[in-house]
Amino acid sequence: MLLHVTDLKKSYAGADEFIPVLRGIDMEVTSGETMALTGESGSGKSTLLHLIGGLDTADSGSIVMNGQDISSMDDAGRAAVRRHSVGIIFQQFNLIPSLDVSANIAFQARLAGVYNSAKADELAAALGLGDQLRKYPEQLSGGQQQRVAIARALAAKPRLILADEPTGNLDEATAAEVMAQMLALVAQTGAALVMVTHSPRLAGQMGRQLHLSKGLLA
């Protein structure tokens, strides 16, 4: 078992009261598994993904990843887990504007101490970026930027990849192509993938689907 989430709860402060977003989430993810996390807007999908990735802290419950309880860690501990075990792909790409494609792909892997130039070049080629390595994010299309984000996440050799609407800013044809490339590369690495998506078509390409509604999984 790669990931075990138990009775996870999270609320946010509203104008007059705390608003519960997650009301007690239990879920498990095994190594190599692909999972779609679906649900209406505001159901807590991104919140759950951010908690698993250590980008935020829960009110209660536990998140055990690869035998480590990240819910009990401080900021530095969670950052170390993200650096070495988790790859995160955002809808907004989150590339570093001052770095070219090659340096963006290498960034996370260098932080984790696992950068391999041959592997990075292999990922870039597989994602159709082989001739784009010296360009900067602003010179790329949305599809190309998301491919860089995927390569960056995979280059660090994570055990778990979290993707938050990774094709949400792409047109349908580009989204389908990027999704196919991402799933093929994830399968090669053996990493698990948990992806938030509103698309039934994309969710159907994953090995398992969980639906989040009113703060609970169904």
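An account of the accompanying structure is given in this report. (Residues numbered from 1 in each chain as written. Predicted model: local features only at pLDDT ≥ 70, side-chain atom pairs only at ≥ 80, totals over all residues. Heavy atoms only, no water.)

**Observations concerning the overall build of the chain**
Then, number 1: Tallying secondary structure elements over the chain gives 7 helices and 10 strands in all.
Then, number 2: On C-alpha atoms alone, the chain measures out to a radius of gyration of 17 Å, which is about the 17 Å that the 2.2 N^0.38 rule sets for 218 residues.
Then, number 3: Here the C-alpha coordinates of the chain stretch approximately 50 × 35 × 35 Å along the principal axes.
Then, number 4: In the chain, buried positions account for 48% of the 218 residues. (Helix = DSSP H or I, 4+ residues; strand = E, 2+ residues; numbered from the N terminus. Rg over C-alpha atoms; globule rule 2.2 N^0.38 Å. Buried < 20%, exposed > 50% of the residue type's maximum accessible area, 1.4 Å probe, protein only.)

**With respect to the side chain of R147**
Then, number 1: Structurally, R147 is set in helix α5 (residues 142–155).
Then, number 2: On the basis of relative accessibility, which here comes to 9%, the residue R147 falls in the buried class.
Then, number 3: A distance of 3.1 Å separates a polar atom in the side chain of R147 from a polar atom in the side chain of E177.
Then, number 4: Apart from residues no more than four positions distant in its own chain, R147 is found in contact with L127, L129, T174, E177, V178 and Q181. (Polar contact = N/O pair within 3.5 Å; in protein donor to acceptor, adjacent residues only side chain to side chain. Contact = heavy atoms within 4.5 Å.)

**Observations concerning the sheet that holds strand β10 (residues 216–217)**
Then, number 1: Pairing within the open sheet is mixed, and its 6 strands lie in the order β6-β7-β8-β3-β9-β10. For this open sheet the edge positions go to β6 (86–89) and β10, each flanked by a neighbour on one side alone.
Then, number 2: Across the face of the sheet, helix α1 (residues 45–52) comes into contact with β3 (34–38), β7 (160–164), β8 (192–196) and β9 (208–213) while running at roughly 150° to β7.
Then, number 3: Running over the sheet, helix α2 (residues 75–85) touches β6 and β7 and is turned about 85° from β6. (Pairing = 2+ DSSP bridges. Axes fitted to C-alpha atoms, helices over the stretch in contact; angles between N-to-C directions.)

**Let's talk about the packing of aromatic side chains**
The description of two aromatic rings rests on the distance between their centres and on the angle between their planes.
Then, number 1: Within the structure shown, the criterion is met by 0 aromatic pairs.
Then, number 2: A cation sits over an aromatic face here: R110 above Y115, 4.1 Å from the ring centre. (Phe/Tyr/Trp six-rings, centres within 6.5 Å; stacked < 30°, edge-to-face > 60°. Lys NZ or Arg CZ within 6 Å of the ring centre and 35° of its normal.)

**Overview of the nonpolar core**
Then, number 1: Counting 38 residues, the largest nonpolar core has I89, I105, M182 and L193 as its most contacted members.
Then, number 2: Once you skip the residues sitting within four places of it in the chain, L193 turns out to touch E33, T34, M35, I161, A163, M182, L183, V186 and M206.
Then, number 3: If you look at the next biggest cluster of nonpolar residues, it comprises 28 residues, including L3, L51, V86 and L212. (Core = buried A, V, L, I, M, F, W, Y, C linked by side-chain atoms within 4.5 Å.)

**A word on α2**
Then, number 1: Listed as buried for α2 are G77, R78, V81 and S85. Buried residues of α2, seen end-on, are gathered within an arc of 95° and therefore sit on one face of the element. Across from the buried face of α2, at angles greater than 90 degrees, the exposed residues are D75 and A76.
Then, number 2: Buried residues belonging to α2 abut β4 (60–65), β5 (68–69), β6 and β7. (Arc of directions from axis to C-beta.)

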